[in-house]
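An overview of the molecular structure
Residue strings, one per chain:
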Amino acid sequence: MYNSKISGLGYYVPDNIVTNNELSKFMDTNDAWIQERTGIKERRWIKEGSDDTTSVMGAKASRIAIERAGLKNEDIDFIVFATLSPDYYFPGGGVQLQEMLDMKTIGALDVRNQCSGFIYAISVADQFIKTGMYNNILVVGAEYHSSGLDKTTRGRGVSVIFGDGAGAAVLSRTNDNTKGILSSHLHSEGKHAEELIVSSPSSKRWINEIIDSNNKEDESYYPYMNGTFVFKHAVVRFSEAINEGLQANNLRVSDIDMLIPHQANLRISQFIQRKFKLNDDQVFNNIMKYGNTTAASVIIALTEAWEKGKIKDNDLVVLAAFGSGFTWGSVIMRW
Ligand code: UT7
């Protein structure tokens, strides 16, 4: 068995900053409400006319990560791409990355686990490296939310939260068993699938209901979230996933050097920080600047924390996420 470690990190967010005050120009919301309930000050939304898409942003983040890993695109053996907002209904974005990055005809796997997408993706990549099947895997999380949000007052409970962006990691084989990914734990509870959902377009409703009715007011095109319900489950599952990872490795909370929680809501991160009695240097948040970028959030935050020098050699880094599905999980790594 081999170990896998992150050898390169990169992220990309669109230039276009949308502040809370700007949102209040087209929906009934305000900066105070958004900051108080979510901690978000601004997010990035792709500007109309831009060439950015989910896979284009993913490719931009990937180029940075591959270069930082000291590799060339042709050294990558496999792609794992997590998103809930692919460019096409099918095929998934993985093949687009293969094409945009001019890679060999390597395998490209699409992961659909929403906010937990990056946790699932890195866990899958880790297994391929552990078995010796691949040496270098590109793991990407990217989201283009802003094209699919209800930007009227009707959608304000959801739309103010989400932002666009992408992050990428190169996972590489290492023979040093003391470094890299120590464990990953993945979970799901499908009975809550409809508590956070975009239910159309879907194969279930395609022809008769969607094409025939052609109803622009159909709310099922937009994300629906039972916010309070999701919040309550999130704080419980985040805690479980972190504890599960620590226990599996005979580690204690005091061993955590850096926790990177999925950036769902600053209040959720703060709740977890208080619960685990972590200080400000042990938890990294950037939801204030980018909002919730779903599958991209953990990898953007990990990259930013690393760029700011907050993650050092030998640090114990914990990644944790919870979201639509419900799905949740954690990854523990020794840097
Ligand atoms: O990333 C995947 C996982 N996602 C999460 O973990 C998110 C979890 N949930 C949340 O973060 C929070 O539930 C939200 C931030 C989404 C909402 O916060 P909340 O404190 O649960 O607010 P609420 O939905 O209960 O709404 C409270 C009030 C309502 O008005 P009334 O009925 O009390 O008069 C809403 O209509 O706030 C109103 N409201 C808004 N007001 C101004 C909802 N959205 C907005 C808004 N601006 N954007």
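Scroll up for the structure.
Report on the accompanying structure. (Residues numbered from 1 in each chain as written. Predicted model: local features only at pLDDT ≥ 70, side-chain atom pairs only at ≥ 80, totals over all residues. Heavy atoms only, no water.)

Some details on the overall build of the protein
Defined as follows: Runs of H or I in DSSP of at least four residues are treated as helices and runs of E of at least two as strands, each being numbered from the N terminus. Every radius of gyration here is taken over C-alpha atoms, with the globule rule written as 2.2 Å times N^0.38, N being the number of residues. Think of it in three bands: with a 1.4 Å probe and only protein chains considered, a residue is buried below 20% of the maximum accessible area for its type, exposed above 50%, and partly exposed in between. By the convention used here, residues are in contact when the closest approach between their heavy atoms is within 4.5 Å. Positive charges come from Lys and Arg, negative ones from Asp and Glu, while His and the chain ends are left out of the count. By convention, the charge on Lys lies at NZ, on Arg at CZ, on Asp at CG and on Glu at CD.
Looking only at helices and strands, the protein features 11 helices and 13 strands. Against the 2.2 N^0.38 benchmark of 20 Å for 335 residues, the protein shows a C-alpha radius of gyration of 19 Å, consistent with a compact globule. In terms of principal-axis extent, the alpha carbons of the protein reach across some 55 × 45 × 35 Å. Taken across its 335 residues, the protein has 54% of its residues classed as buried. Partitioning the contacts of the protein with sequence separation of at least 6, the portion at a separation of at least 24 is 78%. Positive and negative charge centroids in the protein, built from 35 and 40 side chains respectively, lie 5 Å apart.

Thoughts on the packing of helix α8 (residues 227–248) against helix α9 (residues 266–275)
The condition that has to hold: Here, axes are lines fitted to C-alpha atoms. For helices the fit covers the stretch in contact, and angles between N-to-C directions go from 0 to 180 degrees. In this scheme, roughly parallel covers angles under 35 degrees and roughly antiparallel covers those over 145, while 65 to 115 is roughly perpendicular and the rest are oblique. Left-handed describes a crossing whose near helix is turned anticlockwise from the far helix through less than a right angle; right-handed describes the clockwise counterpart. The nonpolar class holds Ala, Val, Leu, Ile, Met, Phe, Trp, Tyr, Cys and Pro. Asp, Glu, Lys and Arg form the charged class, and all remaining residues, Gly among them, are polar.
Viewed as axis vectors pointing N to C, α8 and α9 meet at an angle of 45°, and their least axial separation amounts to 10 Å. Classified by the interaxial angle, the pair formed by α8 and α9 is oblique. Judged by the sense of rotation from one axis to the other, the crossing of α8 with α9 is right-handed. In this structure, α8 uses Phe231, Ala234, Val235, Phe238, Ser239 and Ile242 to contact α9, whose residues at the interface are Arg267, Ile268, Phe271, Ile272 and Lys275. Looking at the contact of α8 with α9, its residues break down into eight nonpolar, one polar and two charged.

A closer look at the site of the ligand
Which entries qualify depends on this criterion: Being near a molecule or strand, for a residue, means having at least one of its heavy atoms within 4 Å of it. Polar contact is defined as a pair of N or O atoms within 3.5 Å, subject to the rule that within protein one atom must be able to donate a hydrogen and the other to accept it, and that residues adjacent in sequence are counted only when both atoms are side-chain atoms. For every accessible area listed, the method is Shrake-Rupley and the probe measures 1.4 Å; residues are considered covered only by the protein chains on display.
In the neighbourhood of the ligand, 23 residues make up the surrounding shell, with Thr29, Arg37, His262, Asn265 and Asn292 lying closest. Separating an oxygen atom of the ligand from a side-chain N or O atom of Arg156 is a distance of 3.0 Å. Gly227 has a polar backbone atom sitting 3.0 Å from a nitrogen atom of the ligand. Taken by itself the ligand offers 960 Å² of open surface, and the protein chains cover 70% of this. Within the residue set of the shell around the ligand, elements represented by two or more residues are α2 (31–38), α6 (156–159), α8 and β12 (316–323). In the shell around the ligand, the residues fall into 11 nonpolar, nine polar and three charged.

Things to note about α8
Basically, it comes down to this: Take the residue count of a helix, subtract one, and multiply by 1.5 Å to get its expected span.
Spanning 22 residues, α8 covers 31 Å between terminal C-alpha atoms, matching the ideal 32 Å at 1.5 Å per step. In the stretch just after α8, Asn250 is the one whose phi turns positive, near 55°.

Quick notes on the pairing of strand β11 (residues 258–261)
For clarity, the threshold we go by: Being paired, for any two strands, means DSSP has found at least two bridges between them.
The alternating pattern of β11 places Met258 and Ile260 on one face and Leu259 and Pro261 on the opposite face, and all of these are buried. Where β11 and β12 come together, four bridges link them in parallel fashion. If you follow Met258 over to β12, its bridge partner there is Val317.

Remarks on the layout of surface pockets
Counted only if it meets this: Any residue with an atom within 4 Å of a point lines the site, the site being either a cavity, points on a 1 Å grid over the protein atoms alone where a 1.4 Å probe fits but cannot get out, or a pocket, an open set with protein on both sides within 12 Å along at least 5 of 7 lines. Grid points are joined across faces, edges and corners, and a volume is the space filled by probe spheres set on the points.
A volume near 210 Å³ is recorded for the second largest pocket. Trp45, Ile46, Glu48, Ser146 and Lys151 are the residues nearest the centre of the second largest pocket, which is lined by 13 residues in total. Counted by class, the lining of the second largest pocket contains five nonpolar, four polar and four charged residues.

Some details on the nonpolar core
Soluble globular proteins: nonpolar side chains tend toward being buried together. Defined as follows: We define a nonpolar core as any set of buried Ala, Val, Leu, Ile, Met, Phe, Trp, Tyr and Cys residues linked to one another through side-chain atoms lying within 4.5 Å. Delimitation of the domains relies on an automatic or database domain assignment.
If you look at the biggest cluster of nonpolar residues, it comprises 38 residues, and the most contacted ones within it are Ile242 and Leu259. Listed by contribution, the elements that provide at least two residues to this core are α8, α9, β12 and β13 (327–334). By residue number, the principal contributor to this core is α8, which donates seven residues. Summarising the domain contributions, this core has at least three residues from each of domain 1 (3–177) and domain 2 (181–334). The residues touching Leu259, leaving out its near neighbours within four places in the chain, are Ile242, Ile272, Leu278, Gln282, Val283, Phe284 and Val318. Formed by 35 residues, the second largest nonpolar core is a distinct cluster that contains Ala82, Tyr134, Met258 and Met333.

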